[in-house]
Amino acid sequence: MMEYDQPLVWVTVLLMLFGMVMVYSASIALPDSPKYAGYKSTHFLMRQAIFIVVALVASLMAFRIPVKTWQKMAPYLFVLTLVLLVLVLVPGVGKGVNGARRWLSLKFMNVQPSELMKLFVVLYAADYTVRKQQFMHKLTKGFMPMTAAIGFVGLLLLLEPDLGAFGVIVCIAMGILFLGGINGIWFGGIGATLVGIFTMVIVLSPWRRERIFAYLNPWQEENALGKAYQLSHSLIAFGRGEIFGVGLGGSVEKLHYLPEAHTDFLLAVIGEELGFVGVLTVILMFYWIIKRAFEIGRQAIAIDQTFAGLTAKGIGIWIGVQAFINMGVNLGLLPTKGLTLPLMSYGGTGVLINCVGLAILLRIDYENRLLMRGGRV
């Protein structure tokens, strides 16, 4: 095997291992609550370790698949995931948690189809842009079919409901279409339309509207004890951490004050225990992965591998947007959304699909090196 991008591999592995340590720290006190009374203190640590091992094995398999094969499979994977999103909404098939139906139970783990869709919409949008390259400046043949497909995905996600995943998927699709050369005026018009749609969804949903108002003033007593409870305690965690943190394992907010600390609000625990330095380290590692993804994509396009280039940049957009939203929610920059921190937060499907996506990115880089040295893919 020729040289591969070792720094990309190591940064990814370090983020996952760092995440596993912080998941253990954030979840160690959960068995003290009635909801998790039957769990051991190492329950989430062991499951996250298993998820990481499975994800690494899946990544090795994904890396061995040529980029051309991913391109051929892209439409079928997209349609298959659409079917899974429909099944989630079927009573008795989809699993509901806290009023949301987002999971399919496989006994040993729950699969979240919206996580699969984040990767497969990258592949599908990249393949669509390559196939329809000559029509990308035409509204009916180029732009509308893709808009209809993403609109259908959005409808299914809003029925779950999962507005956060819908936002990430829209950003991925729009980003790839923009990089693929779509008409700038239509892009701006559709962007404005999407902002209007998201605004209407919030305005017409009383509980979402309450969340927005609570986010704007989290310290008001009614909000701090209600819709902004998580946000206010997340901000308290960051405040306690200051520059260097209170020390690994020393978080107070994870002791049943900050709900779901091991999933959506893992960064708050990092901020409390490891301070500004710990949070900055995480941000820089994600920045490096995103920067590397765009460099690999630019390199692929330069050697006429357009699908590979758009896929690489799409993976960068996906990881970047989701990490930005999660960090923004934790820091109070964005309204609370149920999005995990890629590679780090607790969750099997999320870690698995993040690793497979980065394995595809690694494969693209490997094929770039092969082609630039005169080899064949």
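Just so you know, these numbers come straight off a predicted model, no measurement behind them. (Residues numbered from 1 in each chain as written. Predicted model: local features only at pLDDT ≥ 70, side-chain atom pairs only at ≥ 80, totals over all residues. Heavy atoms only, no water.)

Some details on the overall build of the chain
Convention followed: By definition, any uninterrupted DSSP run of H or I lasting at least four residues is a helix, any uninterrupted run of E lasting at least two residues is a strand, and each is numbered from the N terminus. Relative accessibility under 20% of the residue-type maximum defines a buried residue, over 50% an exposed one, and the middle range a partly exposed one, all with a 1.4 Å probe and only protein chains included. The criterion used for residue contact is that any of the two residues' heavy atoms lie within 4.5 Å. Using the Shrake-Rupley algorithm and a 1.4 Å probe, accessible areas are obtained, with residue cover drawn only from the displayed protein chains. The convention is simple: Lys and Arg are positive, Asp and Glu are negative, and His and the chain ends are not counted. A charge is said to be at NZ when it belongs to Lys, at CZ for Arg, at CG for Asp and at CD for Glu.
Of the regular secondary structure elements, the chain holds 13 helices and three strands. Considering only C-alpha atoms, the chain reaches an extent of 55 × 50 × 40 Å along its principal axes. For the chain, the proportion of its 377 residues judged to be buried stands at 51%. Nonlocal contacts in the chain, meaning residues at least 24 apart in sequence, comprise 71% of its contacts between residues at least 6 apart. Approximately 17200 Å² of the chain is accessible, and the part contributed by carbon and sulfur atoms is 68%. Computing the positive centroid from 30 side-chain charges and the negative centroid from 20, the chain places the two 11 Å apart.

Here's the deal with the pattern of salt bridges
For clarity, the threshold we go by: Within this document, salt bridges are pairs made up of a side-chain nitrogen of Lys or Arg and a carboxyl oxygen of Asp or Glu, the two lying within 4 Å of each other.
For the structure on display, the rule yields 10 salt bridges. Residue Arg-369 is joined to Asp-365 by a salt bridge in which the shortest nitrogen-to-oxygen separation is 2.8 Å. With a gap of four residues between them, Arg-369 and Asp-365 both fall in helix 13 (residues 348-372), about one helical turn apart. Here the salt bridges share partners, and the residues they tie into one network are Asp-5, Lys-291, Arg-292, Glu-295, Asp-365 and Arg-369.

Re the side chain of Arg-363
Relative to the helices and strands, Arg-363 resides in helix 13. Looking at Arg-363, the relative accessible area reads 11%, which means it is buried. In contact with Arg-363, not counting residues within four places along its chain, are Phe-63, Arg-64, Ile-65, Pro-66 and Val-67.

A word on the nonpolar core
Quick reminder of the rule: By nonpolar core we mean a set of buried residues, namely Ala, Val, Leu, Ile, Met, Phe, Trp, Tyr and Cys, connected to one another through side-chain atoms within 4.5 Å.
With 106 residues, the main nonpolar core has Ile-270, Val-282, Phe-286, Trp-318 and Met-344 as its most contacted residues. Those residues within four positions of Val-282 in sequence are excluded, and the remaining contacts are Phe-18, Leu-267, Ile-270, Met-327, Leu-341 and Met-344.

Side note on helix 4 (residues 113-131)
Worth spelling out the cut-off: The span you would expect from a helix comes to 1.5 Å times its residue count less one. The reported bend at a residue is simply the angle between two axes, fitted to the 7 residues ending at it and to the 7 residues beginning with it.
With 19 residues, helix 4 should reach 27 Å at 1.5 Å per residue; the first-to-last C-alpha distance of 26 Å fits that figure. Roughly 30 degrees is the biggest bend found in helix 4, and it falls at Leu-119. With 17 of 19 residues buried, helix 4 is to be regarded as a mostly interior element.

Some words on empty space enclosed by the protein
Space left empty within the atom packing is revealed by a probe, the size of a water molecule, rolled over the atoms. To be explicit about the condition: Both site types are read off a 1 Å grid over the protein atoms alone. A 1.4 Å probe that fits but cannot get out defines a cavity, while an open set with protein on both sides within 12 Å along at least five of seven lines defines a pocket; lining residues have an atom within 4 Å of a point. Grid points are joined across faces, edges and corners, and a volume is the space filled by probe spheres set on the points. Residue polarity follows a fixed list, in which Ala, Val, Leu, Ile, Met, Phe, Trp, Tyr, Cys and Pro are nonpolar, Asp, Glu, Lys and Arg are charged, and the others, Gly among them, are polar.
Summed over all chains, the structure comprises one cavity of 30 Å³ or more. Size it by volume and the largest cavity reaches roughly 30 Å³. Taken together, Arg-211, Ala-214, Tyr-215, Lys-227, Ala-228, Leu-231 and Thr-336 form the lining of the largest cavity. Here the residues of the lining of the largest cavity are counted per class, giving four nonpolar, one polar and two charged.

Some thoughts on the environment of Gln-305
Residue placement: Gln-305 occurs in the loop between helix 11 (266-302) and helix 12 (306-330). Along the chain, Gln-305 and Ile-325 lie 20 residues apart, while their C-alpha atoms are 30 Å from each other.

Description of the packing of helix 6 (residues 163-179) against helix 12
Rule in force here: Here, axes are lines fitted to C-alpha atoms. For helices the fit covers the stretch in contact, and angles between N-to-C directions go from 0 to 180 degrees. Here is the rule for handedness: rotate from the far helix to the near one, and if that takes an anticlockwise turn smaller than a right angle the crossing is left-handed, while a clockwise turn gives right-handed.
Remark: helix 6 packs on helix 12, axes separated minimally by 9 Å, with the N-to-C direction vectors making an angle of 145 degrees. Every pair of crossing elements has a handedness; the one defined by helix 6 and helix 12 is right-handed. In this structure, helix 6 uses Val-168, Cys-171, Ile-172, Gly-175, Ile-176 and Leu-179 to contact helix 12, whose residues at the interface are Leu-310, Lys-313, Gly-314, Ile-317, Trp-318, Val-321, Gln-322 and Ile-325. The class makeup of the residues in the contact of helix 6 with helix 12 is 10 nonpolar, three polar and one charged.

Comments concerning a nonpolar patch on the surface
Put simply, the rule is: Every patch collects residues that have over 30% relative accessible area and no salt bridge, joining them within 9 Å if they carry like charges and within 5 Å if they are nonpolar side chains (Val, Leu, Ile, Met, Phe, Trp, Tyr).
Together, Val-79, Val-83, Val-86, Leu-87, Val-90, Val-93, Phe-152, Leu-155 and Leu-159 line one region of the surface with nonpolar side chains, adding up to about 700 Å² of accessible area. For the nonpolar patch, the elements supplying multiple residues, two or more each, are helix 3 (67-88) and helix 5 (139-159). Top contributing element to the nonpolar patch by residue count: helix 3, with four residues. Checked against the element boundaries, Val-86 lands in helix 3.

So, the sheet that holds strand 2 (residues 100-105)
Let me state the cut-off plainly: Each pair of strands is called paired provided DSSP finds at least two bridges between the two strands.
Judged by pairing direction, the sheet is antiparallel, and its three strands sit side by side in the order 1-2-3 without closing on themselves. Of all the strands in the sheet, the pair left with one neighbour each is strand 1 (94-97) and strand 3 (110-111). Relative to strand 3, strand 2 runs antiparallel, the two being bridged by two bridges. Each bridged residue has a counterpart across the sheet, and for Leu-104 the counterpart in strand 3 is Val-111.

A closer look at the confidence of the model for the chain
For the record, the criterion: Confidence of the predictor at the level of single residues is captured by pLDDT, which takes values from 0 to 100.
Taken residue by residue, the chain gives an average pLDDT of 89. The fraction at 70 or more is 98%. Within the chain, helix 11 carries the highest mean pLDDT (97), whereas helix 7 (residues 184-204) carries the lowest (74).

Some thoughts on the environment of Gly-241
Structurally, Gly-241 can be placed in helix 10 (residues 229-241). Residue class for Gly-241 comes out buried when judged on its relative accessible area of 3%. With 135 residues separating them along the chain, Gly-241 and Leu-106 place their C-alpha atoms 39 Å apart.

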